[in-house]
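Residues per chain are reported as follows:
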Amino acid sequence: MSTISVLMVEPSKRPAIVSIDNDLQVFENIVNGPLDMQPFYRSPFKMVCNVDNGYELTYGKKKPQDSFFIVKHDVDFQSMDRSEAEEVRDYLKDKMKKWK
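Presented here is a report on the structure given in the accompanying data block. (Residues numbered from 1 in each chain as written. Predicted model: local features only at pLDDT ≥ 70, side-chain atom pairs only at ≥ 80, totals over all residues. Heavy atoms only, no water.)

Some thoughts on the pattern of salt bridges
Overall, the coordinates contain four salt bridges when judged by the stated rule. Residue Arg42 pairs with Glu87 through a salt bridge whose shortest N-O separation is 3.1 Å. Here Arg42, found in the loop between strand S3 (35-39) and strand S4 (45-50), pairs with Glu87, found in helix H3 (residues 82-97); they are 45 residues apart in sequence, far enough to count as distant. Note on Arg42: relative accessible area 38%, which makes it partly exposed. Exposure remark for Glu87: the relative accessible area of 29% places this residue in the partly exposed category. Here Lys72 makes a salt bridge to Glu84, at a shortest N to O gap of 2.9 Å. Placement of the pair is Lys72 in strand S5 (residues 68-74) and Glu84 in helix H3, with a sequence separation of 12 residues. Across this residue pair, the class does not change: Lys72 and Glu84 are buried. (Salt bridge = Lys/Arg side-chain N within 4 Å of Asp/Glu carboxyl O. Helix = DSSP H or I, 4+ residues; strand = E, 2+ residues; numbered from the N terminus. Buried < 20%, exposed > 50% of the residue type's maximum accessible area, 1.4 Å probe, protein only.)

Section: the pairing of strand S2 (residues 16-21)
Sheet topology places strand S1 (residues 3-9) next to S2; six bridges connect them, and they run antiparallel. In the strand pairing of S2, Ser5 is matched with Ser19. Between S1 and S2, which follow one another and run antiparallel, lie six residues, and Ser12 among them has a positive phi close to 65°. (Pairing = 2+ DSSP bridges.)

Topic: unusual backbone geometry
Among all residues except glycine, the phi angle is most often negative; among peptide bonds, the trans geometry is most common. With an omega of 10°, the peptide bond running from Ser43 to Pro44 counts as cis. Relative to the elements of secondary structure, Pro44 occurs in the loop between S3 and S4. One non-glycine residue with positive phi stands out, namely Tyr41, at about 65°. A residue is classified by how much of its surface remains accessible, and Tyr41, at 34% relative accessible area, is partly exposed.

What to know about the nonpolar core
Nonpolar side chains in soluble globular proteins generally cluster together in the buried interior. If you look at the biggest cluster of nonpolar residues, it comprises 14 residues, and the most contacted ones within it are Phe68, Ile70, Met80, Val88 and Leu92. Elements supplying a minimum of two residues to this core: S1, S4, S5 and H3. With residues near it in sequence (within four places) discarded, Leu92 still touches Leu7, Val9, Pro15, Phe40, Phe68 and Trp99. Listed in part, the 10 residues of the second largest apolar core include Phe27, Ile30, Val48 and Val71. (Core = buried A, V, L, I, M, F, W, Y, C linked by side-chain atoms within 4.5 Å. Contact = heavy atoms within 4.5 Å.)

Overview of helix H1 (residues 24-31)
Of all the residues in H1, the buried ones are Phe27, Ile30 and Val31. Down the axis of H1, the buried side of the element spans an arc of 85°, and every buried residue falls inside it. Capping the start of H1 is the job of one residue whose side-chain oxygen sits 3.1 Å from the backbone nitrogen of Gln25: Asp23. Note on H1: the residue one or two positions beyond its end, Asn32, has a positive phi of about 65°. (Arc of directions from axis to C-beta. Polar contact = N/O pair within 3.5 Å; in protein donor to acceptor, adjacent residues only side chain to side chain.)

Notes on the environment of Phe27
Tracing the backbone shows Phe27 in helix H1. On a C-alpha basis, the gap between Phe27 and Cys49 in space is 8.6 Å, while along the polypeptide they are 22 residues apart.

Keep in mind these numbers describe shape, not what the thing actually does.
Given below as structure tokens:
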């Protein structure tokens, strides 16, 4: 099984660049249930979250209760390089300031 680098966002923690197994079951364990994948920032970045949280994370201002991550996705899941992850993290920080 291969690993990919993603930007992980966990409640009450700063977003961090981590490596995770590129596996659906691992993704579901991270987000605590079935997956939703939403466009994020710009192509090819996607937000992978729990299906119950996708709308709020994308369009709402509610602080997330579960972990989610940002990944590069173009047909399949791919690693983000450090500069991409830092660019996405900067965008995410601005978005997080609006969450209550």
